[in-house]
Amino acid sequence: MMTPKKVVMDAAEIDRSLTRIAYEILEKNKGVEDLVLVGIRTGGVFLAERLRRKILDIEGAEVPCGILDITLYRDDLLLANKKPKIKKTDIPFSLDKKKVILVDDVLFTGRTIRAAMDALIDFGRPRSIQLAVLIDRGHRELPIRADFVGENLPSLLWEDISVNLIEKNGCDEVVIEDSGH
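Here the residue numbering is sequential within each chain, running from 1 through the sequence in written order. Residues qualify for local features only when their pLDDT is at least 70, as the model is predicted, and side-chain atom pairs are given and counted only at 80 or more; totals for whole chains, interfaces and linings, by contrast, use all residues. Calculated side-chain values reflect all of the structure's heavy atoms, with hydrogen atoms and water omitted.

1. A look at a nonpolar patch on the surface
Taken together, the side chains of Leu 156, Leu 157 and Trp 158 define a hydrophobic patch exposed on the protein surface, amounting to about 300 Å² of accessible area. Tracing the backbone through its elements, the reader meets Leu 156 in the loop between β6 (148-152) and β7 (159-164). Patches draw on residues past 30% relative accessible area with no salt bridge. Two like charges within 9 Å are joined, as are two nonpolar side chains (Val, Leu, Ile, Met, Phe, Trp, Tyr) within 5 Å. Every accessible area reported is derived by Shrake-Rupley at a probe size of 1.4 Å, with residue values counting cover from the shown protein chains alone. A carboxyl oxygen of Asp or Glu within 4 Å of a side-chain nitrogen of Lys or Arg is what we treat as a salt bridge. Numbered from the N terminus, helices here are DSSP runs of H or I no shorter than four residues, and strands are runs of E no shorter than two.

Laid out in structure tokens, this is it:
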């Protein structure tokens, strides 16, 4: 039984974090030249689109934005006792020699990001892959770190961190719950 959720970021804090991340991306990459955004299904897709709009507002320039499904690249695919639901990857631009900003909602063990990098390489040879996440909760199992972080949120292994977004859940908030393990 889960304990009541604790809201650790509200809509305004999420928006401020994404604005800061957008500025940091532009500063590190010296603008938008050869820059592309790729969101990892599901939460990363919505965050990548929000970052695209913020960069457009700041720079007045459109940055290509794609969607990446990593289902077939996961290292736990064979461990699951259910048939995976493969969704569409939509990257309608070349990744060759691009500065790819890979976007996800929560960075935890690093396994999702490893799978995403494997998937990206199948689509081309980027100049670089940088990682932007809204939440970094720690507990890495692989040597992966984010280049751009909205909030570092140290957590216990048995806690669940959920990023709820208007596009998916009807509200913007980050919540933490004790899963009871």
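2. Quick word on the pairing of strand β4 (residues 99-107)
By the criterion of burial, β4 is predominantly enclosed, with nine of the nine residues buried. Pairing geometry for strand β2 (residues 35-40) and β4, over five bridges, is parallel. Within β4, the position partnered with Leu 35 by the bridge is Lys 99. Two strands pair when backbone bridges link them, and β4 and strand β5 (residues 128-136) are joined in this way by eight bridges, in the parallel orientation. Across the sheet, residue Val 100 finds its bridge partner in β5, namely Ile 129. Using a 1.4 Å probe on the protein chains alone, a residue whose accessible area is under 20% of its type maximum counts as buried, one over 50% counts as exposed, and one in between counts as partly exposed. The pairing criterion for strands is at least two bridges between them, as found by DSSP.

3. Concerning the sheet that holds β4
The five strands are arranged β3-β2-β4-β5-β6 in an open sheet whose pairing can be described as parallel. Unpaired on one side and paired on the other, β3 (65-68) and β6 mark the two borders of the sheet. On average, adjacent strands in this sheet sit at an angle of 25 degrees to one another, irrespective of strand direction. The criterion used for residue contact is that any of the two residues' heavy atoms lie within 4.5 Å. Angular values range over 0 to 180 degrees, each being the angle between N-to-C directions of two axes fitted as lines to C-alpha atoms, with helices fitted over their stretch in contact. Contacts from helix α1 (residues 11-28) reach β2, β4, β5 and β6, with the element oriented near 150 degrees to β6. Contacting β2, β3, β4 and β5, helix α2 (residues 43-59) crosses the sheet at an angle of about 155 degrees to β2.

4. What about the sheet that holds strand β8 (residues 173-178)?
Read from one edge to the other, the open sheet built from three strands follows the order β1-β8-β7, with strand pairing classed as antiparallel. Every other strand in the sheet has two partners, leaving β1 (6-9) and β7 as the edge strands with one partner each. On average, adjacent strands in this sheet sit at an angle of 30 degrees to one another, irrespective of strand direction. Relative to β8, β7 runs antiparallel, the two being bridged by six bridges.

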